[in-house]
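Okay, here's what each chain looks like letter by letter:
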Amino acid sequence: MDLAYIPSPSTGVINLGPIPLRGYAFCIIIGVFVAVWYGNKRWIARGGTAGTVADIAVWAVPFGLVGGRLYHVITDYQLYFSEGENWVDAFKIWEGGLGIWGAIALGAVGAWIGCRRRGIPLPAYADTIAPGIAFAQAIGRWGNWFNQELYGKSTDLPWALKITESANREAGLYHPTFLYESLWCVGVAFLVIWADRRFKLGHGRAFALYVAAYCAGRVWTEYLRVDEAHHILGLRLNVWTAIIVFVLAVVYMVISARIRPGREEIVEPKAAKEAADKAAEKAADGEDAEPEDAATDIGEDAGVSDGDVEHGADNGAGSAAKS
């Protein structure tokens, strides 16, 4: 008799009249909200203006969802295009199936478009939202729990995940790989936050650290999974992808640190100009126009703490006011 295990929900959908609320979609939406909310706080602290992160996310999120779905469908094409399968199911994103590799790749394209429209450097934006993306992944992984998918090998550990029988799965107790990856992503987020504060990472290095750290964890969680997957030289496709992306991220961090050390002083020209104009107005009125005051005023208007503003003043609005 199993005394302890993690139960799975009996259904992943709650119907409110004619409106179905799907747990998978709900987790994705909450994750996006957290990423944008926290990214906005970090962006303001860097010297940017409130709302910029959300404006760019309007481009990044749809691109990311499409990219994530495309990666899943392409790498697991047999689930949709083999004999006996219905290709229409490839569009049923609410049933699960988003590849993080495709989501990040195409999401970056959307973010680049949004940044270009606002005259903002993409690396600075990527550094800002990196921890938020990790938090979003941590939340989004619980969508797999609602769908009873992407679990690991059989286990008798007290935190085993109980899976119920269906046409595509066998009942039993398995490793809760969704939980392992969720906890790993939380750790990655805090690692990036700490490293960014400690070393003032810039020019895309905070984002690269997030990518490398996530890939390191993805290798071992992927190794535990038992869902159908393509193999190359005995390893699952996603393991090879994680290894390659990990190496590229580390190489980028090393080369970037040598070519462009330090951090961007101005991340959003609009915010820097507003700070300079505000300082000039105070000077014209005979007030002390200290750069830190100008940055603090912007931070207070956006609801950012004094500590965050002081941090952002070193790199954004404060630097503009000093000039």
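Residue indices begin from 1 for each chain and proceed along its sequence in written order. In view of the model being predicted, local features appear only for residues whose pLDDT reaches at least 70, and side-chain atom pairs are presented and counted only at 80 or more, with totals across whole chains, interfaces and linings using the full set of residues. Water and hydrogen atoms play no part in the side-chain values, which are based on all heavy atoms of the structure.

Caption draft 1: Summary view of the pairing of strand β2 (residues 19-22). Pairing between strand β1 (residues 13-16) and β2: 4 bridges, direction antiparallel. Counted as the bridge partner of N15 is P20 from β2. In this scheme, strands are said to pair when DSSP sees at least two bridges between them. Numbering goes from the N terminus for both helices and strands, where a helix is a DSSP run of H or I of at least four residues and a strand is a run of E of at least two. From the end of β1 to the start of β2, which pair antiparallel, there are 2 residues, and G17 there has a positive phi angle of about 65°.

Caption draft 2: Structural view of the nonpolar core. Residues enter a nonpolar core if they are buried and are Ala, Val, Leu, Ile, Met, Phe, Trp, Tyr or Cys, with the set joined through side-chain atoms within 4.5 Å. Note on exposure labels: buried denotes an accessible area under 20% of the residue type's maximum, exposed denotes more than 50%, and partly exposed covers the range between, all computed with a 1.4 Å probe on protein chains only. Counting residues in hydrophobic clusters, the biggest one holds 41 residues, and the most contacted among them are W43, W101, Y125, V192, F207 and Y210. Of all elements in the fold, only α1 (23-45), α2 (52-75), α4 (100-118), α5 (122-140), α7 (177-199), α8 (205-224) and α9 (237-259) reach the threshold of two or more residues within this core. Excluding residues that lie within four positions of it along the chain, Y210 makes contacts with I104, A130, I133, A134, Q137, V188 and V192. By size, the runner-up hydrophobic cluster in this structure holds 8 residues, among which are I6, L161, I163 and L179. The contact rule is simple, with two residues in contact once any of their heavy atoms fall within 4.5 Å.

Caption draft 3: Representation of α5. A residue's bend is the angle separating two fitted axes: one through the seven residues that end there, the other through the seven that start there. The sharpest bend along α5 comes to roughly 45°, located at I129, with the proline P131 sitting one to four residues further on. Where burial is concerned, most of α5 is hidden: 16 out of the 19 residues are buried.

Caption draft 4: A look at the pattern of salt bridges. Throughout this description, the term salt bridge denotes a Lys or Arg side-chain nitrogen within 4 Å of a carboxyl oxygen of Asp or Glu. Throughout the structure, instances matching the rule amount to 12 salt bridges. Among the salt bridges present, the one from D55 reaches R118, with a minimum N-O distance of 2.9 Å. With D55 in helix α2 and R118 in helix α4, the pair connects residues that are 63 residues apart, well separated along the chain. Classification of D55 as partly exposed rests on a relative accessible area of 39%. Taking the shortest distance from any N to any O, the salt bridge between D227 and R225 comes out at 3.1 Å.

Caption draft 5: Representation of the packing of aromatic side chains in the model. Put simply, two rings from Phe, Tyr or Trp (the six-membered ring, in Trp's case) pair if the centres are within 6.5 Å, and we call them stacked under 30 degrees between planes, edge-to-face over 60, tilted for the rest. Taken as a whole, this structure holds 14 aromatic pairs when the rule is applied. Summarising the aromatic geometry, the rings of Y151 and Y174 are spaced 4.7 Å apart at their centres and angled 40° between planes, so their arrangement reads as tilted. With Y151 in the loop between α6 (142-147) and β3 (161-163) and Y174 in strand β4 (residues 172-174), this pair connects stretches of sequence that are 23 residues apart. Relative accessible area serves as the criterion here: at 12%, Y151 is assigned to the buried category. Taking relative accessible area as the criterion, Y174 reaches 9% and is therefore assigned buried. Ring pairing ties together the aromatic residues W37, Y38, F135 and F190, which thus form one cluster.

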